[in-house]
Amino acid sequence: MVSQLALELGGNIAVLGYGLAAIGPGVGVGLIFAAVINGTARQPEAQNKLQSIAWIGFGVTEVLAIIGIALAFVFRNSGA
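Residues numbered from 1 in each chain as written. Predicted model: local features only at pLDDT ≥ 70, side-chain atom pairs only at ≥ 80, totals over all residues. Heavy atoms only, no water.

- Looking up the chain in an unreviewed UniProt entry gives the name ATP synthase subunit c, with the organism given as Kribbella albertanoniae.
- UniProt lists a comment for the chain under the heading Sequence similarities (unreviewed entry), and it reads "Belongs to the ATPase C chain family." (UniProt positions renumbered as here; feature names shortened; annotations may be inferred.)

**Overview of the environment of Gly57**
(1) Moving on: Inspection of the secondary structure puts Gly57 in helix α3 (residues 47-77).
(2) Moving on: Spatially, the C-alpha atoms of Gly57 and Phe33 are 9.4 Å apart, while their sequence positions differ by 24 residues. (Helix = DSSP H or I, 4+ residues; strand = E, 2+ residues; numbered from the N terminus.)

**Observations regarding a nonpolar patch on the surface**
(1) Moving on: A surface patch of nonpolar side chains, amounting to about 520 Å² of accessible area, comprises Leu16, Leu20, Ile23, Val27 and Leu31.
(2) Moving on: Within the residue set of the nonpolar patch, elements represented by two or more residues are α1 (4-21) and α2 (23-42).
(3) Moving on: Sorting elements by how many residues they give to the nonpolar patch places α2 first, with 3 residues.
(4) Moving on: Mapped onto the secondary structure, Leu31 falls in helix α2. (Patch = residues over 30% accessible without salt bridge, like charges linked within 9 Å, V, L, I, M, F, W, Y side chains within 5 Å. Areas by Shrake-Rupley, 256 points an atom, 1.4 Å probe, with all protein chains shown as cover. Salt bridge = Lys/Arg side-chain N within 4 Å of Asp/Glu carboxyl O.)

**Some words on the packing of aromatic side chains**
To describe a pair of aromatic rings, you give the distance between the ring centres and the angle between the ring planes.
(1) Moving on: The tally for this structure, following the rule as stated, stands at 3 aromatic pairs.
(2) Moving on: Judged by centre distance (5.4 Å) and plane angle (70°), the rings of Phe33 and Trp55 are edge-to-face. With Phe33 in helix α2 and Trp55 in helix α3, this pair connects stretches of sequence that are 22 residues apart.
(3) Moving on: Relative to Phe58, the ring of Trp55 has its centre 5.6 Å away and its plane inclined at 85°; by these criteria the two rings are edge-to-face. (Phe/Tyr/Trp six-rings, centres within 6.5 Å; stacked < 30°, edge-to-face > 60°.)

The structure is reproduced here in structure tokens:
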């Protein structure tokens, strides 16, 4: 039988893992929009095309954070 302390510790580690996993998408979103700003500064006529590609990249990057929080809840409740 698993002790209560082990279950609580496992849940806390899952939440800590999500916190660490959220760093990647945060950096990714920053890099995406930094590239759009840089590209728009170099070639202003390409702003609309760059902006639409950036929003697609933003969505794909944020999916990683959503998957991370879903897995944190799954792993947090899987020990019971």
